[in-house]
Amino acid sequence: MTGSNFLFEADGKKILIDCGLTQGDNLGDDVNWGPFVYDPKEIDFLFVTHAHIDHVGRIPKLIHEGFNGKIYSTSPTKDLAGPMLDDTMGILSKNRNFDLSDIYTEKNIKSALSQWASFNYKNDLKITDNLSASFLNAGHILGSAMVLFVFNGKKILFTGDLGNSPSMLLPDTERVTDIDYLIMESVYGDRNHESRADRRKFLEATIEDNYKRKGVLIIPTFSLERSQELLFELNDLVENHRIPVMPIFLDSPLAIRLTDIFKQHKDYFNENAQRALAQDKHLFNFPGLHSTLHSSESKMINEVPNPKVIIAGSGMSSGGRVVHHERHYLPDPNNTLLLTGYQSVGTPGRLIQEGLKKVNISGEEVDVRAHIVTIWGYSGHKDSDHLLSFVENTQDTLKKVFVVMGEPKSAMFLVQKIRDNLAVNASAPQKNDVVTLQC
Ligand SMILES: [Zn+2]
């Protein structure tokens, strides 16, 4: 995933939107750690759309190189960003190929958080007499926002990532109808999602099958949003006696910390979740759930008799605690590995999903005899058709759409669709391109 990082200049102000890390095998590459194309000391503000690391991951570097301005986001984004940056610092510090001990420091993360102010959706922030900014709900993860700038009466909208509404927990993406210039994401610009109608039924059936076989069900998952969605669904299944009570382990320190932050921001949940909350105060907690924060607790999971469920990071089995569980449990045909969606090419998760019976997991050959199942429909991004509908809502006022943040194929496909179906001017700018808008 490419790190999101845009520079917007208007009325003498230099404003960044996001400062993300490019993720994948190349965390150490110059793409992340080479010089910025602007001078961080000259930047007045940084607006952060949401707390995913491909949107916040280079903030410590920005601080290190002299950025001293204010950072703005919604309050959940600010609260989630702390643990996300801490976690990335932990991962980077273990990498022996490159040394970021000067850049990715606790001190730089602390400075960032001290420069960081939060404000709510739709509150106007006046930057100059002619320029103001506000956040609109993007519906992607808790607190996620689009950034709307109004300059001389013209509206310029940076979408950040756009959520796959309707979501279980979040309100739908805000509908916009009066935008002049749109800078929009295109991660799924060329693909539509599988149906998610049967998702819950499939989860329930997988848990029940595993229970009957007295097996271990491992669910590798992402710590932010996906884990909380799963807990919310499991809570519903257990509380309504749809599945038997059994030990369910949330074995991810990051997911545990992030879930605590979700509990503090219930006002950012959608109406459904608010209603559920009125009946059950503990939407992410239910009989049988154990949150194993410390590694000693994690090791004890092996001692707990089957059947049991283990939810652990990372989402694609390329690191984190899930690796130990997979090595231990995948050789047993009574066990199940449940993948929640797309696995990137080259990850162990992808090889397992493709049906390989011997997979190298963090340096160890593992025989895969467990049941392998995938539940689709968990994507946090709008698909191609929904991205197009989002543009269509405001097609009458649009002067131009800039399609960004997707693989080139995906971005170009969406550009073509916007031109052909909506007759709106669209392009896919390249990295470091500069565009002047008529405002
Ligand atoms: Zn995101």
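For the structure itself, look to the data block above.
**Student:** Sorry, what's going on with the overall build of the chain here?
**Tutor:** Of regular secondary structure, the chain possesses 14 helices and 20 strands. Principal-axis analysis of the C-alpha atoms gives the chain an extent of 65 × 45 × 40 Å. Residue burial in the chain is summarised as follows: out of 439 residues, 55% are buried. Expressed as a percentage of contacts within the chain between residues at least 6 apart in sequence, the contacts between residues at least 24 apart total 75%. Surface summary for the chain: the accessible area is close to 19300 Å², and the carbon and sulfur share equals 48%. Taking the average location of the 46 positive side-chain charges in the chain and that of its 56 negative ones, the two points are 2 Å from each other.

**Student:** Which parts of the structure should I look at to understand the sheet that holds strand E1 (residues 6–10)?
**Tutor:** Pairing between sheet strands relies on hydrogen bonds along the backbone, with the strands arranged either parallel or antiparallel. Strand order in the open sheet formed by five strands is E1-E2-E3-E4-E5, with mixed pairing between adjacent strands. Among the strands making up the open sheet, the edge pair consists of E1 and strand E5 (116–118). Each strand axis lies, on average, 25 degrees off the axis of its neighbour in the sheet, ignoring direction. Sheet analysis places strand E2 (residues 13–17) next to strand E3 (residues 45–47), joined by three bridges and oriented parallel. Looking at E3, one finds that Ile15 is bridged to Phe45. Here helix H4 (residues 75–93) sits on the sheet and contacts strand E4 (70–73) and E5; the angle it forms with E5, its principal contact strand, is near 145 degrees.

**Student:** I keep staring at the packing of H4 against helix H8 (residues 253–264) and nothing clicks. Help me out?
**Tutor:** A pair of packed helices is captured by two measures, namely the crossing angle of their axes and the spacing between those axes. Between H4 and H8, the shortest axis-to-axis distance is 9 Å and the interhelical angle comes to 170 degrees. Between H4 and H8, the angle falls in the class roughly antiparallel. Every residue of H8 that contacts H4 at Asp79, Leu80, Pro83, Met84, Asp86 and Asp87 is listed here: Leu254, Arg257, Leu258, Ile261 and Phe262.

**Student:** Can you help me understand the nonpolar core in this one?
**Tutor:** Most often, soluble globular proteins have nonpolar side chains that are buried together. Counting residues in each nonpolar core, the largest one holds 96 residues, and the members touching the most others are Phe47, Ile59 and Phe149. Apart from residues lying up to four places away in sequence, Ile59 is in contact with Cys19, Leu46, Val48, Ile71, Ala112 and Trp116. Counting 25 residues, the second largest nonpolar core, distinct from the first, contains Leu162, Leu182, Val403 and Val424.

**Student:** Looking at this structure, I do not really get the sheet that holds strand E14 (residues 308–312). What am I missing?
**Tutor:** An order of E13-E12-E14-E11-E15-E18 is seen for the six strands of this open sheet, with the pairing classed as parallel. Each having just a single partner strand, strand E13 (289–291) and strand E18 (371–374) make up the two edges of the open sheet. Taking the axes of each pair of neighbouring strands and ignoring which way they run, one obtains an average angle of 20 degrees across the sheet. Both strand E15 (residues 336–339) and E18 contribute to a ladder of four bridges, which runs parallel. Within E18, the residue paired with Leu339 across the bridge is Thr374. Lying on the sheet, helix H11 (residues 322–329) is in contact with strand E11 (216–220), strand E12 (248–251), E14 and E15; it crosses E11 at an angle near 145 degrees.

**Student:** Is there a simple way to think about the packing of aromatic side chains in this case?
**Tutor:** Remark: the centre distance and the inter-plane angle together describe each pair of aromatic rings, the angle taken between the planes. Under the defined criterion, the tally for this structure stands at 15 aromatic pairs. Their ring planes at 90 degrees and their centres at 6.0 Å tell us that Phe149 and Phe158 sit as a pair that is edge-to-face. The ring of Phe36 carries the charged tip of Lys61 above its face, separated from the ring centre by 4.8 Å.

**Student:** What am I meant to see in the coordination of the zinc ion here?
**Tutor:** Each donor-metal-donor angle in an ideal tetrahedron of four donors is 109.5 degrees, and each such angle in an ideal octahedron of six donors is either 90 or 180 degrees. Around the zinc ion, the donor atoms from the protein are His50 (NE2), His52 (ND1), His140 (NE2) and Asp161 (OD), and they sit 2.1 to 2.3 Å away. Coordination at the zinc ion is irregular, judged from the four donor atoms that bind it and the angles of 92 to 165 degrees they form at the metal. Considered as a linear motif, the donors of the zinc ion on their single chain read H-x1-H-x87-H-x20-D. Separated by 109 residues along the polypeptide, His52 in the loop between E3 and helix H2 (53–56) and Asp161 in the loop between strand E9 (154–158) and strand E10 (181–185) bring together distant segments of the chain.

**Student:** In this structure, what is going on with the side chain of Thr259? I would like to understand it.
**Tutor:** Inspection of the secondary structure puts Thr259 in helix H8. Looking at Thr259, its side chain comes within polar contact range of the side chain of Gln228, at 3.0 Å. When sequence neighbours within four positions are dropped, the list of residues in contact with Thr259 reads Gln228, Leu231, Leu250 and Phe284.

**Student:** Whenever I open this one, the packing of H4 against helix H5 (residues 106–114) confuses me. Can you help?
**Tutor:** Where H4 contacts H5, the two axes come as close as 11 Å, and the packing angle between them is 170 degrees. One element, H4, and the other, H5, form an angle in the roughly antiparallel class. Residue-level contacts link Lys78, Gly82, Leu85, Asp86 and Met89 of H4 to Glu106, Ile109 and Leu113 of H5. Among the residues forming the contact of H4 with H5, the class breakdown is four nonpolar, one polar and three charged.

**Student:** Honestly, helix H13 (residues 384–392) in this entry has me stumped. Any pointers?
**Tutor:** At 3.6 residues per turn, the α-helix brings residues three or four places apart onto the same side. Listed as buried for H13 are Ser384, Leu387, Leu388, Phe390 and Val391. Around the axis of H13, the buried residues are gathered within 155 degrees of arc, so they sit on the same side. Against strand E8 (145–151), E9, E10, strand E19 (400–404) and helix H14 (408–422) lie the buried residues of H13.

Reading the values: the criteria
Residues numbered from 1 in each chain as written. Predicted model: local features only at pLDDT ≥ 70, side-chain atom pairs only at ≥ 80, totals over all residues. Heavy atoms only, no water. Helix = DSSP H or I, 4+ residues; strand = E, 2+ residues; numbered from the N terminus. Buried < 20%, exposed > 50% of the residue type's maximum accessible area, 1.4 Å probe, protein only. Contact = heavy atoms within 4.5 Å. Areas by Shrake-Rupley, 256 points an atom, 1.4 Å probe, with all protein chains shown as cover. Lys, Arg positive; Asp, Glu negative; His and termini not counted. Charge placed at Lys NZ, Arg CZ, Asp CG, Glu CD. Pairing = 2+ DSSP bridges. Axes fitted to C-alpha atoms, helices over the stretch in contact; angles between N-to-C directions. Parallel < 35°, antiparallel > 145°, perpendicular 65-115°, else oblique. Core = buried A, V, L, I, M, F, W, Y, C linked by side-chain atoms within 4.5 Å. Phe/Tyr/Trp six-rings, centres within 6.5 Å; stacked < 30°, edge-to-face > 60°. Lys NZ or Arg CZ within 6 Å of the ring centre and 35° of its normal. Donors = N, O, S within 2.8 Å, 3.2 Å for Na, K, Ca; no water. Tetrahedral: all angles 85-135°; square planar, octahedral: opposite > 155°, others 65-115°. Polar contact = N/O pair within 3.5 Å; in protein donor to acceptor, adjacent residues only side chain to side chain. Nonpolar A, V, L, I, M, F, W, Y, C, P; charged D, E, K, R; others polar. Arc of directions from axis to C-beta.

Note that all results are geometric; they support no functional claim without further evidence.
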